[in-house]
Amino acid sequence: MAEYDLVIEGGTVVTPSDMFRADVGIAHGKIQAVGLGLKGTRTLDARGRLVMPGGVDTHCHIEQLREDGTTDEETFVTGSTSALAGGTTSVITFSTQFKGHGISAPLAEYRRLAAKSMVDYSFHQIITDASDDVIFREVPEVVASGVRSLKVFLTYDPLHLDDRQFLRVLAAARRTGALVTVHCENYEAIRWRIAALLADGRTGPKYHAWSRPSMVEREAAHRAIALAEMVDQPIQIFHVSCPEVAEEIERAQRRGVKVWGETCPQYFVLSSAHMDRPGFEGAKFMCSPAPRDEAASEGLWEEVRRGTLDVISSDHSGYGYDSPRGKRAHGDNAPFNDIPNGVPGLGSRLPIVFSEGVSKGRIDACEFVRLTSSNPARLFGLHPRKGTIAPGADADLVVWDAEKRVTITNDLLQHVIDYTPYDGLEVTGWPVATVRRGEIVMRDGKVQAEPGSGQFLAREPYAMIRPTGRLPDGFDASAFLV
Ligand SMILES: [Zn+2]
């Protein structure tokens, strides 16, 4: 007699710690059993395939609100389609703040947009204006509603915070039990270099990389860590592009500071040379921090293996190339500093990391699961509901053909974006089915899910991001509303 609604049969189950042959029995959207000989009303044949937890992408920009009232081109429906096609079942996206305004109103608007999602989702709250009202009144409410991470930029006009404002965000997070995620680059150094490059007539896309060499990232990461250490507030450094930045994180981790490092597929397979393609083409590869070189990429893998960088997310950017809302917003001859930064990567994240990591022998499949699913789920308070294959967890799974060779084309990614920076990249390993809370939502590239079937993941307080209690002079400055 069938005990389960669905059994994923005969595959090799990959958990964060083990790989073994087993069936996965699913009922009521949850994993009920992992074992042999399970019987289900329906079965999904996984013989010869890996069965892994669905991807958890904790850094993607989907349908993000813009100040003019429009949004990114990628909607929650198209973004979800791309995610499911690529084996990702949960995302954390960004609710914005516009300078001079609050955070509650855009969050309410953003919740309405996200209600169409087909993957499960949560939000980071961006803080661009650390006013008294936002920091003292709105942040506690927003965090209590389950948006348990705040995002800050140390560079970019008009988003960046100065050190005092950053400290106020760190203190607010400490008071309310949120994690802070940080875009680390030195604002003034980049502005100064941009001015000099433009004065010298160097305006093409490749000078984007010249405007922000690795030391602007390293300096800001060092400063972010020092300030977070002083406040005793856990942080994650976003999109680490090179080993020099990871070394700053590693040194702090060794002293017991709660700082984690994220990197992204673009830093493994793109380099500054891509931005030097003829004409405007280089714009397709512009993101910040800028991709470096092959030695930096190999160095990042080393930092991944050491555990300094323990999350690989996409930093998916939700706008196109040949598009007035995207790279061509200011025309073909726009100087590099007027070209929007960011590359799409939600659907290509898992295949690239698997291929470059597992297929090329740099990491094993368990480490792949940790980097792309379990660790992000743990760090952002989604574990054990997400990021693992164990009884009681949501039945979010990806069935993976580890041998399948695919040349990436934009069509395969099924996003609304009109390009991928990975066009022509050959990968080994590809998702062949995706299951979200027990429902088969992708098979052989065909995504079938109901808009609105994704659930908001409210994140409760959790131990991993609790402050350490170690403060300079034992004095908790964050207890004061200053
Ligand atoms: Zn981002």
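Structural data are supplied above this passage.
All figures in this text were calculated on a predicted structure; none of them were measured in a lab.

So, on to the overall build of the protein chain. Along its length, the protein chain carries 13 helices and 17 strands. In terms of overall dimensions, the protein chain is globule-like: its C-alpha atoms have a radius of gyration of 22 Å, near the 23 Å expected for 482 residues. Going through the 482 residues of the protein chain one by one, you find that 61% of them count as buried. The long-range share in the protein chain, meaning contacts at least 24 apart out of those at least 6 apart in sequence, stands at 78%. Accessible area for the protein chain stands at about 17,800 Å²; split by element, carbon and sulfur atoms hold 50% of it. In the protein chain, which carries 53 positive and 64 negative side-chain charges, the distance between the mean positions of the two groups comes to 2 Å.

Take the coordination of the zinc ion next. Within the first shell, the zinc ion binds the protein through H59 (NE2), H61 (NE2) and D315 (OD), at distances of 2.1 Å. Mapped onto the sequence, the donors of the zinc ion take the spacing H-x1-H-x253-D. We note that H59, like H61, is buried.

Strand order in the open sheet formed by eight strands is 6-7-8-9-10-11-12-13, and the pairing between neighbours is parallel. Two strands close off the open sheet at either side, each with one partner strand: strand 6 (55–57) and strand 13 (309–312). Strand-to-strand, the axes of this sheet are offset by a mean angle of 30°, without reference to chain direction. Looking at chain direction, strand 6 and strand 7 (residues 88–95) are connected through three bridges and run parallel. Within the sheet, the bridge partner assigned to V56 lies in strand 7 and is S90. Running at roughly 160° to strand 8 (residues 120–126), helix 2 (residues 104–114) makes contact with strand 7 and strand 8 of the sheet.

Okay, the nonpolar core next. General note: in soluble globular proteins, nonpolar side chains tend to be found buried as a group. With 107 residues, the main nonpolar core has M52, F166, V169, V180, V182, I235 and I237 as its most contacted residues. In terms of residue count, the dominant contributor to this core is helix 7 (residues 214–231) (seven residues).

We now examine the layout of surface pockets. Taken as a whole, the largest pocket encloses approximately 1,300 Å³ of empty space. Considering each element in turn, the lining of the largest pocket owes the most residues, four residues, to helix 5 (residues 187–199). Of the residues contributing to the lining of the largest pocket, the split by class is 17 nonpolar, 18 polar and twelve charged. Its boundaries defined by the atoms lining it, the second largest pocket holds a volume of some 260 Å³. The set of elements that each furnish at least two residues to the lining of the second largest pocket consists of helix 4 (163–176) and helix 7. If one sorts the elements of the lining of the second largest pocket by residue count, helix 4 sits on top with four residues. Considering only residue class, the lining of the second largest pocket consists of ten nonpolar, one polar and three charged.

Here the focus is helix 10 (residues 294–306). Since the α-helix packs 3.6 residues into each turn, any two residues three or four apart lie on the same face. With 13 residues, helix 10 should cover 18 Å at 1.5 Å per step; its first-to-last C-alpha distance of 19 Å lies within 8% of that length. Residues A296, S297, G299, L300, W301, E303 and V304 constitute the buried set of helix 10. One or two positions beyond helix 10, positive phi appears at G307, with a value near 90°.

So, about unusual backbone geometry. Comment: phi is negative for the bulk of residues other than glycine, and the bulk of peptide bonds are trans. A cis amide bond links S288 with the next residue in sequence, P289, at an omega value of -10°. In this fold, P289 is placed in the loop between helix 9 (266–269) and helix 10. Residue H383 is joined to P384 through a cis peptide bond whose omega torsion reads 5°. Along the chain, the position of P384 falls in the loop between helix 12 (365–379) and strand 14 (397–407). With a phi close to 45°, E63 is a non-glycine residue in the positive phi region. Counting through the fold element by element, E63 comes out in the loop between strand 6 and helix 1 (76–85). Taking the relative accessible area as the measure of exposure, E63 reaches 6% and is therefore buried.

Among the structural elements, E248 can be located in helix 8 (residues 243–254). A distance of 2.9 Å separates polar atoms of two side chains, one belonging to E248 and the other to H222. Sequence-distant contacts of E248, that is, excluding residues within four places in its chain, are made with R218, H222 and I225.

Quick look at a nonpolar patch on the surface now. Together, F475, F480 and V482 make up an exposed nonpolar region whose accessible area comes to about 320 Å². If you trace the backbone, V482 turns up in the segment after strand 17 (446–447).

Rules behind the numbers
- Residues numbered from 1 in each chain as written.
- Predicted model: local features only at pLDDT ≥ 70, side-chain atom pairs only at ≥ 80, totals over all residues.
- Heavy atoms only, no water.
- Helix = DSSP H or I, 4+ residues; strand = E, 2+ residues; numbered from the N terminus.
- Rg over C-alpha atoms; globule rule 2.2 N^0.38 Å.
- Buried < 20%, exposed > 50% of the residue type's maximum accessible area, 1.4 Å probe, protein only.
- Contact = heavy atoms within 4.5 Å.
- Areas by Shrake-Rupley, 256 points an atom, 1.4 Å probe, with all protein chains shown as cover.
- Lys, Arg positive; Asp, Glu negative; His and termini not counted.
- Charge placed at Lys NZ, Arg CZ, Asp CG, Glu CD.
- Donors = N, O, S within 2.8 Å, 3.2 Å for Na, K, Ca; no water.
- Pairing = 2+ DSSP bridges.
- Axes fitted to C-alpha atoms, helices over the stretch in contact; angles between N-to-C directions.
- Core = buried A, V, L, I, M, F, W, Y, C linked by side-chain atoms within 4.5 Å.
- 1 Å grid on protein atoms, 1.4 Å probe; cavity = no way out; pocket = protein on both sides within 12 Å on 5 of 7 lines; lining within 4 Å.
- Points joined across faces, edges and corners; volume = space filled by probe spheres on them.
- Nonpolar A, V, L, I, M, F, W, Y, C, P; charged D, E, K, R; others polar.
- Expected span 1.5 Å × (residues − 1).
- Polar contact = N/O pair within 3.5 Å; in protein donor to acceptor, adjacent residues only side chain to side chain.
- Patch = residues over 30% accessible without salt bridge, like charges linked within 9 Å, V, L, I, M, F, W, Y side chains within 5 Å.
- Salt bridge = Lys/Arg side-chain N within 4 Å of Asp/Glu carboxyl O.

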